[in-house]
Amino acid sequence: MSSTINNDLYLSSLQKRDTQSGGSSILGKDDFLKILMTQLQNQDPASPMEDKEFISQMATFSSLEQLTNMNSSIDQMISKQSVQTFMLQSGMIGKSVSYTVETTDADGTQQERKTGTVTAVLFENGASKFQLEDGNVVDPSSITKLENKNS
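Residues numbered from 1 in each chain as written. Predicted model: local features only at pLDDT ≥ 70, side-chain atom pairs only at ≥ 80, totals over all residues. Heavy atoms only, no water.

A.B. asks: Please clarify how the overall build of the protein should be interpreted in this entry.
C.D. replies: If you tally the helices and strands in the protein, you get three helices and five strands. In the protein, the succession of helices and strands from N to C terminus is α-α-α-β-β-β-β-β. Considering the protein as a whole, with its 151 residues, one finds that 17% of them fall into the buried category. The long-range share in the protein, meaning contacts at least 24 apart out of those at least 6 apart in sequence, stands at 45%. Total accessible area on the protein is roughly 10,900 Å²; 50% of this is exposed by carbon and sulfur atoms. (Helix = DSSP H or I, 4+ residues; strand = E, 2+ residues; numbered from the N terminus. Buried < 20%, exposed > 50% of the residue type's maximum accessible area, 1.4 Å probe, protein only. Contact = heavy atoms within 4.5 Å. Areas by Shrake-Rupley, 256 points an atom, 1.4 Å probe, with all protein chains shown as cover.)

Written as structure tokens, this is what we have:
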């Protein structure tokens, strides 16, 4: 009785099958280890997997694990950067800002310049916004001028 590895268990076959079935084509490190263990358990003892193949698959797994760890580190860095930006923007409280507001009417889109004083910095859904004394909330990207209120 000859035991061979089922071709459906190869990584390329699984990715094709997942993509065709509408599922995710992304395999995690746990999936990769399951595939590798299945290949090792079901290989023909008389003709085991080549050392080169095994080393190549382990290198691929190692790369996958490092990319996963790097992605996690980048996510943490972005989160910390957002908080730091929010804290820096708190220095805008009490400053007078000029900002642009787009309005659309029958004549088309118009840009209007307004001025106000920042009373608070809001942080929602990972983004900062400035609340002005008149109650308007302004996106930082719409600010065109910044000055001390006492100037």
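Back to the write-up after that little detour.
A.B. asks: For this particular structure, what's the right way to read the pattern of salt bridges?
C.D. replies: Side-chain pairing between opposite charges can occur once the charged atoms of the two side chains come close. On inspection of all chains with the given rule, the structure shows one salt bridge. Residue Asp139 is joined to Lys129 by a salt bridge in which the shortest nitrogen-to-oxygen separation is 3.2 Å. Of this pair, Asp139 sits in the loop between β4 (137-138) and β5 (143-148) while Lys129 sits in strand β3 (residues 127-132), and the two are ten residues apart along the sequence. (Salt bridge = Lys/Arg side-chain N within 4 Å of Asp/Glu carboxyl O.)

A.B. asks: Is there a simple way to think about the side chain of Ser98 in this case?
C.D. replies: Checked against the element boundaries, Ser98 lands in strand β1 (residues 95-105). If we ignore the near neighbours within four places in the chain, the residues touching Ser98 are Arg113, Lys114, Thr115, Ser142, Ile143, Thr144 and Lys145.

A.B. asks: Where do I start with the sheet that holds β5 in this structure?
C.D. replies: Pairing between the strands of a sheet comes from backbone hydrogen bonds, and it takes one of two forms, parallel or antiparallel. With antiparallel pairing, the five strands of this open sheet are ordered in space as β4-β3-β2-β1-β5. The sheet terminates laterally at β4 and β5, the two strands that pair on one side only. (Pairing = 2+ DSSP bridges.)

A.B. asks: How should I be thinking about the pairing of strand β2 (residues 108-124) in this particular structure?
C.D. replies: Bridge analysis of β1 against β2 gives ten bridges, and the strand direction is antiparallel. Residue Thr103 lies in a different strand from β2, and its bridge partner there is Gln110. In textbook terms, the turn of a hairpin is the stretch between consecutive antiparallel strands, and for β1 and β2 this stretch comprises two residues. Two elements, β2 and β3, share six bridges in a ladder whose sense is antiparallel. Looking at β3, one finds that Phe123 is bridged to Ser128.

A.B. asks: What should I look at first to understand the nonpolar core in this one?
C.D. replies: For soluble globular proteins, nonpolar side chains are generally found buried alongside one another. Judged by nonpolar contacts, Met92, Val97, Tyr99, Val118, Val121, Phe130, Leu132 and Val138 together constitute the single largest core of eight residues. With near-sequence residues (within four places) excluded, Met92 lies in contact with Val97, Val118, Phe130, Ile143 and Leu146. (Core = buried A, V, L, I, M, F, W, Y, C linked by side-chain atoms within 4.5 Å.)

A.B. asks: Looking at this structure, I do not really get the confidence of the model for the protein. What am I missing?
C.D. replies: For residues with low pLDDT, the predicted coordinates do not support detailed interpretation. Residue-level pLDDT values for the protein average 78, and 79% of them are 70 or greater. At the level of individual helices and strands, the protein shows its lowest average pLDDT in helix α1 (residues 11-20), which scores 54, and its highest in β4, which scores 90. (pLDDT = per-residue confidence, 0-100.)

A.B. asks: Sorry, what's going on with the environment of Val101 here?
C.D. replies: Along the chain, the position of Val101 falls in strand β1. Take Val101: its relative accessible area is 23%, and that puts it in the partly exposed class. Non-local contacts of Val101, meaning those with residues more than four positions away in its chain, are made with Gln110, Gln111, Glu112 and Lys114.

A.B. asks: Sorry, what's going on with the environment of Glu133 here?
C.D. replies: Structurally, Glu133 is set in the loop between β3 and β4. Counting along the chain gives 37 residues from Glu133 to Ser96, while the straight-line C-alpha distance between them is 10.0 Å. When residues no more than four places from it in sequence are discounted, the contact partners of Glu133 are Thr117, Thr119 and Lys149.

A.B. asks: Hey, could you run me through a nonpolar patch on the surface in this one?
C.D. replies: Where nonpolar side chains cluster on the molecular surface, the patch consists of Leu67, Met70, Ile74, Met77 and Ile78 and spans about 490 Å² of accessible area. Here Met70 is to be found in helix α3 (residues 51-89). Under the relative-accessibility criterion, Met70 is labelled partly exposed at 45%. (Patch = residues over 30% accessible without salt bridge, like charges linked within 9 Å, V, L, I, M, F, W, Y side chains within 5 Å.)

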